[in-house]
Amino acid sequence: MRDFDGLLVQANLIGGAWCDADTGQTVSVTNPATHDVLGTVPNCGAAETERAIDAAAQAFDDWSRSDLSVRVGLLHKLHDALMDQQEPLAQLLTAEQGKPLAEARGEIAIGAAYIRWFAEEVRRAKGEIVPAPTADRRLMVTRHPVGVVAAITPWNFPSSMLARKLGPALAAGCTVVAKPATATPYSGLVWGKLCQDVGFPDGVVNILTGSARDIGGAIMESPRVRKVTFTGSTDVGKVLIRQSADTVKKVSMELGGNAPFIVFDDADLDAAIEGAMIAKYRNMGQTCVCTNRFYVQAGIHDAFVAKLTAATEALVVGDGSADGVQQGPMIDAGGVEKVEEMIADATAKGGTIVTGGKRHALGGTFFEPTVMTGATADMQVARDEIFGPLSAVFKFDTEDEAIAAANATEFGLAAYAYTTSLGRTFRLNERLEYGLIGINSGLITTVEAPFGGLKESGMGKEGGSQGLEDYLSVKYMCVAGLDR
Ligand code: ADP
């Protein structure tokens, strides 16, 4: 028996009951490193989604009016339950998603940290008493849970992306209908088991797997779902924003990125390489904040490329569950083909592969970590999210040139820069059109800070105090006619 077998939940959670799809249909889930079938999950559709929305709507009345101390207490227990089972949860995550075990452990820990953060933060979700224009009135501004929340999450961080949504929703007093990605459903479904284990009431958390279109359609049509929080591709995000119009839902969108990583001549080269490795190759390059474009100033370009190449060649590729592995398989064949297409496009336009550039000898969806120089603005790598282990290096001369190139995209999620100039740091803060800016660090996500993109990378924030606001409606109440 594998350590995680007790956490492998192969059913959906609706109103406190674990159930199959009405049709009995299932979808199988495969380990991307070994191709072993891990199990199946229900292939649910609109009818089951309606029932989950019913359950969440019914549970909302009590949950939204429950004692704050009860909600906070349950969230702390949920945090502890995750950390008590960090190791088997990480193994489950690696088995379905492919990332190295060390990264999976980190994902479970940051997910737990989000739950604890929102348990703390909700105690400070204060209202206001506003000075009234006349003495017989008092003006109050108060915050209330938005209602039933639907949470749709992707495969690249199947545990922590749900934590960022469940944490604030449950803290605020909302109930949830969640739909994890079909490729990695178990790290989502297990949240249902953990919530039950620690005592969340039935119907507060409901989790469905199956047809994205049918489940998504039922969620978006329902007037009872008051908020949709989505992490995934910009294309699907745009569909959901359009679908939200008919019922005027609140939406939070964490969409695609095209992160620039700018290295100036005055940078600490070793620090830049360390940051570059994290910002590029974490999760095999499959994160929305992964570096898409390295812009390196001419004076440091060759030294940077030499060190980046050496570090890239030293990466250990293999099954993420094996000790010492730093790069697992990519999620699926489509992801591999996209990287291959981008490499073909770039080399046809003058790019040079310095290392890697093809499928790995391990086969399947393993891909060689790759460095390419001579990247230019007309290449696909400049425009589209790579979502794979390909470092594309562009050379630049001036700060103005780098900033203009960095901003020349419809995306605006994460940007990184390495410099020792304080003045430049603040110029970058003002001029880079990005929601997340890392100066001298390639890893900046933390529960205390608001994570979220500008432009077509999305709207709304996750984490920070801002991450709770998205789950609260503001009401203004005027108490008039007071005796004097
Ligand atoms: P990714 O690149 O992460 O696969 P997607 O946007 O395709 O990004 O998927 C993210 C999540 O959105 C997944 O849970 C997926 O099943 C879901 N999804 C995809 N299409 C739709 C849709 N039309 N309506 C609702 N959810 C969808």
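Refer to the preceding data block for the structure.
Residues numbered from 1 in each chain as written. Predicted model: local features only at pLDDT ≥ 70, side-chain atom pairs only at ≥ 80, totals over all residues. Heavy atoms only, no water.

Caption draft 1: Here's a closer look at the pattern of salt bridges. Scanning the entire structure with this criterion turns up 21 salt bridges. Ionic pairing is found between Lys307 and Asp270, a salt bridge with its closest N-O pair at 2.6 Å. Here Lys307 is found in helix α10 (residues 298–313), whereas its partner Asp270 is found in helix α9 (residues 269–281), with 37 residues between them in sequence. On the basis of relative accessibility, which here comes to 36%, the residue Lys307 falls in the partly exposed class. What emerges from the salt-bridge pattern is a single network uniting Asp266, Glu399, Arg424 and Arg427. (Salt bridge = Lys/Arg side-chain N within 4 Å of Asp/Glu carboxyl O. Helix = DSSP H or I, 4+ residues; strand = E, 2+ residues; numbered from the N terminus. Buried < 20%, exposed > 50% of the residue type's maximum accessible area, 1.4 Å probe, protein only.)

Caption draft 2: Highlighting the packing of helix α13 (residues 399–407) against helix α14 (residues 422–431). Contact geometry of α13 with α14 gives a least axis separation of 11 Å together with a crossing angle of 30 degrees. Regarding the angle of α13 to α14, the classification is roughly parallel. Viewed along their axes, α13 and α14 form a crossing whose handedness is right-handed. In this structure, α13 contributes Glu399, Asp400, Ile403 and Asn407 to the contact, and α14 contributes Arg424, Arg427, Leu428 and Arg431. A breakdown of the residues in the contact of α13 with α14 according to their chemical character gives two nonpolar, one polar and five charged. (Axes fitted to C-alpha atoms, helices over the stretch in contact; angles between N-to-C directions. Parallel < 35°, antiparallel > 145°, perpendicular 65-115°, else oblique. Left-handed = near helix turned anticlockwise from the far one by under 90°. Contact = heavy atoms within 4.5 Å. Nonpolar A, V, L, I, M, F, W, Y, C, P; charged D, E, K, R; others polar.)

Caption draft 3: Highlighting the site of the ligand. Around the ligand there are 15 residues in total, and Thr153, Trp155, Lys179, Phe230 and Ser233 lie nearest to it. At a separation of 3.0 Å, an oxygen atom of the ligand approaches a polar side-chain atom of Trp155. Here an oxygen atom of the ligand sits 2.7 Å away from a polar atom, N or O, in the side chain of Ser233. According to the grid-proximity analysis, the pocket containing the ligand is the largest pocket. (Near = heavy atom within 4 Å. Polar contact = N/O pair within 3.5 Å; in protein donor to acceptor, adjacent residues only side chain to side chain. 1 Å grid on protein atoms, 1.4 Å probe; cavity = no way out; pocket = protein on both sides within 12 Å on 5 of 7 lines; lining within 4 Å. Sits in = over half its atoms within 2 Å of the grid points.)

Caption draft 4: Geometry of the layout of surface pockets. Of the voids in this model, the largest pocket is the one considered here, and its volume is about 1,100 Å³. As for the largest pocket, its lining consists of 42 residues, of which Phe230, Gly232, Ser233, Thr234 and Val236 are closest to the centre. Breaking the lining of the largest pocket down by element, the ones donating at least two residues are α7 (212–221), β10 (225–231), α8 (234–244) and α11 (333–348). A per-element tally of the lining of the largest pocket places α8 first, with seven residues. Counted as a void, the second largest pocket has a volume near 300 Å³. Lining the second largest pocket we find 19 residues, and of these Ile110, Phe157, Ser160, Arg282 and Thr445 sit closest to its centre. Put simply, the parts of the chain that give the lining of the second largest pocket at least two residues each are α4 (101–121) and α5 (160–172). Broken down by element, the lining of the second largest pocket gets its largest block of residues, six residues, from α4. Across the lining of the second largest pocket, the residue classes tally to nine nonpolar, five polar and five charged. (Points joined across faces, edges and corners; volume = space filled by probe spheres on them.)

Caption draft 5: Fine view of the environment of Lys165. When you line up the elements, Lys165 lands in helix α5. Placed 297 residues apart in sequence, Lys165 and Glu462 show a C-alpha to C-alpha distance of 7.6 Å. Filtering out sequence-adjacent residues up to four positions away, Lys165 remains in contact with Ala151, Ile152, Thr153, Thr229, Phe230, Thr231, Glu462 and Tyr471. At a separation of 2.8 Å, a polar atom in the side chain of Lys165 contacts the side chain of Glu462.

Caption draft 6: Highlighting the sheet that holds strand β22 (residues 472–479). What the three strands build is an open sheet, ordered β5-β6-β22; its pairing is antiparallel. Looking along the sheet, the strands with just one partner apiece sit at the ends: β5 (128–130) and β22. If you compare each strand with its neighbour and ignore which way they point, the axes differ by 25 degrees on average. Strand direction decides the pairing type here: strand β6 (residues 138–145) and β22, joined by eight bridges, are antiparallel. Each residue of the ladder has a partner; that of Pro145, found in β22, is Leu472. (Pairing = 2+ DSSP bridges.)

Caption draft 7: Examining α11 more closely. If you check α11, its first and last C-alpha atoms are 22 Å apart, about what 16 residues at 1.5 Å a residue would give, namely 22 Å. Those residues of α11 that fall on the buried side of the exposure criterion are Gly335, Val336, Val339, Met342, Ile343, Asp345 and Ala346. On its buried face, α11 sits against β14 (352–355), β15 (370–373), α12 (380–383) and β16 (390–396). Phi for Gly350, located one or two positions after α11, is positive at around 105 degrees. (Expected span 1.5 Å × (residues − 1).)

From the geometry alone we can't say anything about function, so treat these as descriptive.
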